[in-house]
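This is what each chain is made of:
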Amino acid sequence: MKKVLLFKSASEDYERVFSEHNYQTVFIEPLQFVYVNLQELSERLQSPHYQGLILTSPRAIESVSKCWAPSKFVTWNTKRIYTVGESSGHKVKLLLGLEALGTTTGNAENLAKLVLQENSSPSNLLFPCGNLSSELLPSILQSGGISVDALTVYETKENENLRSDLMSVNEDGEVCCMVFFSPSGCEYVQRQLQTFSNKLAHLPHFAIGNSTAHKIENLGLEIAGVAAKPKAESVLESVEHYFRTL
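Bear in mind that the values here come from a model prediction, so they are computed numbers and not experimental data.

Thresholds, definitions, all that
Residues numbered from 1 in each chain as written. Predicted model: local features only at pLDDT ≥ 70, side-chain atom pairs only at ≥ 80, totals over all residues. Heavy atoms only, no water. Buried < 20%, exposed > 50% of the residue type's maximum accessible area, 1.4 Å probe, protein only. Helix = DSSP H or I, 4+ residues; strand = E, 2+ residues; numbered from the N terminus. Pairing = 2+ DSSP bridges. Phe/Tyr/Trp six-rings, centres within 6.5 Å; stacked < 30°, edge-to-face > 60°. Axes fitted to C-alpha atoms, helices over the stretch in contact; angles between N-to-C directions. Contact = heavy atoms within 4.5 Å. Right-handed = clockwise from strand over helix to strand, strands pointing away. Polar contact = N/O pair within 3.5 Å; in protein donor to acceptor, adjacent residues only side chain to side chain. Parallel < 35°, antiparallel > 145°, perpendicular 65-115°, else oblique. Left-handed = near helix turned anticlockwise from the far one by under 90°. Nonpolar A, V, L, I, M, F, W, Y, C, P; charged D, E, K, R; others polar.

Thoughts on the pairing of strand β8 (residues 175-180)
Next up, step 1: Extensive coverage of β8 is indicated by the burial of 6 of its 6 residues.
Next up, step 2: Relative to β8, strand β1 (residues 2-7) runs parallel, the two being bridged by 5 bridges. In the sheet register, Leu6 faces β8, and the bridge partner there is Val179.
Next up, step 3: The pairing of β8 with strand β9 (residues 205-207) spans 3 bridges and is classified as parallel.

Looking at the packing of aromatic side chains
Within a pair of aromatic rings, the relevant descriptors are the distance that separates the centres and the angle that separates the planes.
Next up, step 1: Scanning all chains against the criterion turns up 7 aromatic pairs.
Next up, step 2: Plain terms: the ring middles of Tyr14 and Phe181 are 5.5 Å apart, the flat faces sit at 80 degrees to each other, and that makes the pair edge-to-face. With a gap of 167 residues between them, Tyr14 in helix α1 (residues 12-19) and Phe181 in the loop between β8 and α8 (183-193) connect regions that are remote in the sequence.
Next up, step 3: Overall, the relative accessible area of 18% leaves Phe181 in the buried class.
Next up, step 4: Ring centres 5.7 Å apart and planes at 75 degrees place the aromatic pair Phe33 and Tyr154 in the edge-to-face group. With Phe33 in strand β3 (residues 31-35) and Tyr154 in strand β7 (residues 146-158), this residue pair connects regions lying 121 residues apart in the sequence.
Next up, step 5: Judged by relative accessible area, Phe33 falls into the partly exposed class, the value being 23%.
Next up, step 6: The exposure class of Tyr154 is buried, given its relative accessible area of 10%.
Next up, step 7: Each member of the aromatic cluster is reached from another via a ring pair, and the members are Phe206, Tyr242 and Phe243.

Quick word on the sheet that holds β7
Next up, step 1: Spatially, the 5 strands line up as an open sheet ordered β3-β7-β6-β4-β5, and their pairing is mixed. Two strands lie at the open edges of the sheet, namely β3 and β5 (80-82), each paired on one side alone. Going across the sheet, the axis of each strand differs from the next one's by a mean of 25 degrees, ignoring polarity.
Next up, step 2: Contacts from helix α6 (residues 136-143) reach β4 (52-54), β6 (123-130) and β7, with the element oriented near 175 degrees to β7.
Next up, step 3: Here α8 sits on the sheet and contacts β3 and β7; the angle it forms with β7, its principal contact strand, is near 25 degrees.

Some points on the pairing of strand β10 (residues 223-226)
Next up, step 1: Across 3 bridges, the pairing between β9 and β10 is parallel. Looking at the pairing, His205 lines up with Ile223 of β10.
Next up, step 2: On the question of chirality, the crossover connecting β9 to the parallel β10 by way of helix α9 (residues 210-218) is right-handed.

Quick look at the side chain of Arg44
Next up, step 1: Relative to the assigned elements, Arg44 resides in helix α2 (residues 38-45).
Next up, step 2: The class for Arg44 is buried, based on a relative accessible area of 17%.
Next up, step 3: Of note is the side chain of Arg44, whose polar atom sits 2.8 Å from the side chain of Asp149.
Next up, step 4: If near-sequence neighbours (up to four positions away) are discounted, Arg44 is found in contact with Tyr50, Leu126, Asp149, Ala150 and Leu151.

A look at the packing of α1 against helix α10 (residues 232-244)
Next up, step 1: Two numbers describe how α1 lies on α10: the axes approach to 9 Å, and their chain directions differ by 40 degrees. Here α10 runs oblique to α1, going by the angle between their axes. Where α1 crosses over α10, the two elements pack in a sense that is right-handed. In this structure, α1 contributes Asp13, Tyr14, Arg16, Val17 and Phe18 to the contact, and α10 contributes Ala232, Glu233, Val235 and Leu236.
Next up, step 2: Along the lines of polarity and charge, the residues of the contact of α1 with α10 split into 6 nonpolar, no polar and 3 charged.

Scope: geometric values only; no functional claims are made or implied.
Structure follows, in structure tokens:
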């Protein structure tokens, strides 16, 4: 059975979808996170100043959940919550008890279009994000007259076990490709692969979305495929299409 190396935390969804098509999944988390500014986040969530909330990453959702109290934030039941991807939508429902919009948009650019359609100018949206967050979404919204209040609520760092995890997987001759889930994760992995002799660097590189694909290309590497949507089925489709057309 071929193995697919996924640079993300372990996921039952990915494990199930790939196993149904005779692939075994190997997970390596290249990142670790530190939550910051949670007191300020709590205060901003209680402010009547915002008409909506944008949560574009699992970590942003988790950071909000760390200071979330339904009784304290009851006004958010009547406001718009935006996210990208169905798994993030499930996470918003599970951790915050709220329904998210934009779960089928797939990327920041499409989400920005939806937000602009649904909100009149001027509107103020709260955007809890990471220290490496892209400026694409805020810039598109601000150019359309929507004010975006970005607050860094988590910092991304390289997982201290990344090199040893990579060296361990390198010994496995059945890994057929690698899938990257963030630009920063891609950068950390490539940096570590340059520190030891390995077979992994020569495997096909797949990306969860366009920003991660651009990062792979900026590092001078060839991209084998980009998932049409940020979900397991789309990643599998991208991988299978590549190997079918070899």
